[in-house]
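Here's the letter readout for the chains.
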Amino acid sequence: MESPHLPTEIISYILSYLHVTDRKEASLVCKSWYEASQDHRFQKNATFKFPVSTSSLDFIRALARRPRCGLIISHLDGSSLSRQILLEVGLHLGPRLDSLALPGSSIIESSLLGLLPHLTSLRKLDLHGLDSLFMSGAFLSRQEHRQQVQNALGNLEELDLSDLRYLSDLSFNRLTSCTPRLRSLALAGCHIAFEFDPYRGSPVGSGSSALVSLRNLLSLLQKQASTLRSLDLSRTSITPESLRSIAQVPGLRLEDLSLRGCKELTDYSMEILCKHQNGLKTLDVRACTELTSRTVLAVATDLKELQSLSLSQDWKITDKGLTELMALPCLRTLDLSECLHVSGADLVKGLSSPQPRAQLQALSLRNCSYIRDTAMFSLAQLLGSNLRKLDLTSCVYLTDISVHAIATYLPALVVLRLGWCKEISDWGLLGMVEPTKNCEPRDKEEDKGPSFTRTFGNMGFFQPPSLPFQEKPRLVTDEDLGAFRDQEGASLLALRGLQELDLSACSKLTDTSITQVLRFADLQHLSLSMLPEISDDSLVSVALHCRNLTSLALNLCPQISDQGMARALPLLHRLQHLFMACCDGVTNETLSIIALHCDRLRTLDVSMCKDITVHQVELLQSRLPFLEKVQCRFANGADFTMVL
């Protein structure tokens, strides 16, 4: 009996209940389902990425049926095919294009000028790294070209000019004069002349400078102060005096500011910034290594609307000021990774204070080696159901107690990273307390030899005492697993919405916990690298219970074999990234299994897999249409990297 024909609107309504990855799979079933999946409700802010190829021409023409879209076209050059692609974009998508990015390209001015006048509704233009456009210094030198571009880009809101080595004052002025209503400007990594005259108290430089000068940057900020809200000056040589000048531009009210890697900035310049730009909502000062807790206090005092703050790699920052920072009621994201002197005590103190206080949704304490279980337990209780992302990578002193706290108090977590937390064991993931170790007295007749302090060397016939961190935890027995299944405890299973989990180098973990706990229907990214005790049983269990995986890392897992891959990979239809470097148990047979079942694979790493050959890797590439990059360094003794 034939199934009744459903109207496209009904099918679209049904598809609206599916996750986006499920909807993509459903759209491949038949033509009517594909047409239903193209409903405008599912196509908002759609951006399509593709390299230059002959098939791109038909794809661009097909996109003409869409009301709006964005494009990321890579590897454009001066060839006739590249010019044809740009012409087709202008002809078929011109007024419908929202955003355009050209990464990894090398095009000349005439090619881009043939396209830009057609893009009358463009909101975002990404020219980062396109040195070929600006190398001659003659970009937009003709008045008629500037007029055409201004007519098209008059409503442009976002302009990315990052990593342009040859951007000059003239080119900068010509281009920005065509974009009078910018809301976002990115100049990260550009060579900007931040020169300042200490006697006159003003920037120096002229309009003929070979580099963008501070004077011209300030002039642009003054002209567009009423609209500009986001500025990225990361990885530039901005000086404290220059930052103070930018902060005090009349009428400028920035909301997003990125100063990542600006190593000359000082606490005083940040205090001036916070005072004059007190409407900032996002501030990124990662790797500004001269900043101290004075900056944290200035942020806490003046930036009452701040939502996101990154202090990563600011090594001089301590706990001081974090209590006051937690009093910012709008703060949602805090990155303290590699702030080596942070212990978390002041975070706990700040979060314990009466309302208002920060309602953090993302917290990174990566490489904060002073974090201990006591601080983590208190943080978990205080952050509660608001927290969605937690990064504790390389917090090496955390134990199973912290895992219990996370599973108990942070049920809304979507991302959890515990890589290199080597004290975490099966007991922590299972939510169980390891029974007290056997304390029976030693046999009096047994001679254990003399005991020495840990500083006493091993002279060959004396055996020094074992250290606490060398002791392995008691293995979980079948009786323990029975108790686990009966309990209503704090195992990692409580984090039902988990989408990313990193357990790399948690070397005490075994099949016991991995097979019982890793059962997350929404999990997309999983790293089990450097777990020497897990076997094919863990791999198969993960594949059976985590069907949505798109990225799986199994590097340095010596017990993973072809047999495990043969049972697991047919279950992982959405796998796009697979990393299994230094897995000596896998051979060319695994590559054959990948070719059969992983037709969506984009990245593969089989480096230092001694039984995988380069010839078989090349054969795999010919069979998988989406495979972009293969790492096979020293596989079968060869040193080879394939970028497709």
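See above for the structure.
Reference entry: report on the structure contained in this document.

The rules behind these values
- Residues numbered from 1 in each chain as written.
- Predicted model: local features only at pLDDT ≥ 70, side-chain atom pairs only at ≥ 80, totals over all residues.
- Heavy atoms only, no water.
- Helix = DSSP H or I, 4+ residues; strand = E, 2+ residues; numbered from the N terminus.
- Buried < 20%, exposed > 50% of the residue type's maximum accessible area, 1.4 Å probe, protein only.
- Contact = heavy atoms within 4.5 Å.
- Patch = residues over 30% accessible without salt bridge, like charges linked within 9 Å, V, L, I, M, F, W, Y side chains within 5 Å.
- Areas by Shrake-Rupley, 256 points an atom, 1.4 Å probe, with all protein chains shown as cover.
- Salt bridge = Lys/Arg side-chain N within 4 Å of Asp/Glu carboxyl O.
- Polar contact = N/O pair within 3.5 Å; in protein donor to acceptor, adjacent residues only side chain to side chain.
- Axes fitted to C-alpha atoms, helices over the stretch in contact; angles between N-to-C directions.
- Parallel < 35°, antiparallel > 145°, perpendicular 65-115°, else oblique.
- Nonpolar A, V, L, I, M, F, W, Y, C, P; charged D, E, K, R; others polar.
- Core = buried A, V, L, I, M, F, W, Y, C linked by side-chain atoms within 4.5 Å.
- Pairing = 2+ DSSP bridges.
- Right-handed = clockwise from strand over helix to strand, strands pointing away.

1. Side note on the overall build of the protein chain
Helix and strand counts for the protein chain come out as 24 helices and 25 strands. Burial statistics for the protein chain: of 644 residues in total, 50% are counted as buried. Taking the intrachain contacts of the protein chain between residues at least 6 apart in sequence as the baseline, contacts between residues at least 24 apart amount to 77%.

2. Brief notes about a nonpolar patch on the surface
Nonpolar side chains collect at one region of the surface, where L6, I10, Y13, I14 and Y17 lie side by side and expose about 530 Å² of accessible area between them. For I14, the position within the fold is in helix α1 (residues 8-15).

3. Some remarks on the side chain of T603
In this fold, T603 is placed in strand β23 (residues 603-605). Polar side-chain contacts of T603 include one of 2.9 Å to the side chain of H577.

4. As for the packing of helix α4 (residues 55-63) against helix α5 (residues 80-93)
Where α4 contacts α5, the axes come no closer than 9 Å and their chain directions differ by 10°. By the criterion of interaxial angle, the relationship of α4 to α5 is roughly parallel. Where α4 approaches α5, its residues S56, L57, I60, R61 and L63 are matched on the opposing element by L81, Q84, I85, E88, V89, H92 and L93. Considered class by class, the residues forming the contact of α4 with α5 number 7 nonpolar, 3 polar and 2 charged.

5. So, the environment of V296
Summarising the element assignment, V296 is placed in helix α13 (residues 293-302). Assessed through its relative accessible area of 1%, V296 is described here as buried. Between the C-alpha atoms of V296 and E271, which are 25 residues apart in sequence, the distance is 9.4 Å.

6. Looking at unusual backbone geometry
Of note in the backbone geometry, S394 takes a positive phi value of approximately 65° without being a glycine. Position of S394 relative to the elements: it lies in the loop between β17 (389-391) and α17 (400-409). Assessed through its relative accessible area of 17%, S394 is described here as buried. Positive phi is not limited to glycine here, since M530 has a value of about 60°. Looking at the secondary structure, you find M530 in the loop between β20 (525-527) and α21 (536-545). The class for M530 is partly exposed, based on a relative accessible area of 27%.

7. A word on the nonpolar core
Core analysis: the largest hydrophobic core is formed by 176 residues, its most contacted members being L283, L325, L518, I594 and L604. When residues of this core are assigned to their parent elements, the largest contribution, 5 residues, is made by helix α10 (residues 214-223). Apart from residues lying up to four places away in sequence, L283 is in contact with L257, M270, L273, V299, L303, L306, S308, L309 and S310.

8. Notes on the pairing of strand β2 (residues 69-74)
Most of β2 sits out of view: 5 of its 6 residues are buried. Of the pairings in the sheet, the one linking strand β1 (residues 47-51) to β2 comprises 5 bridges and is parallel in character. Within β2, the position partnered with K49 by the bridge is I72. For the crossover from β1 across α4 to β2, the handedness is right-handed.

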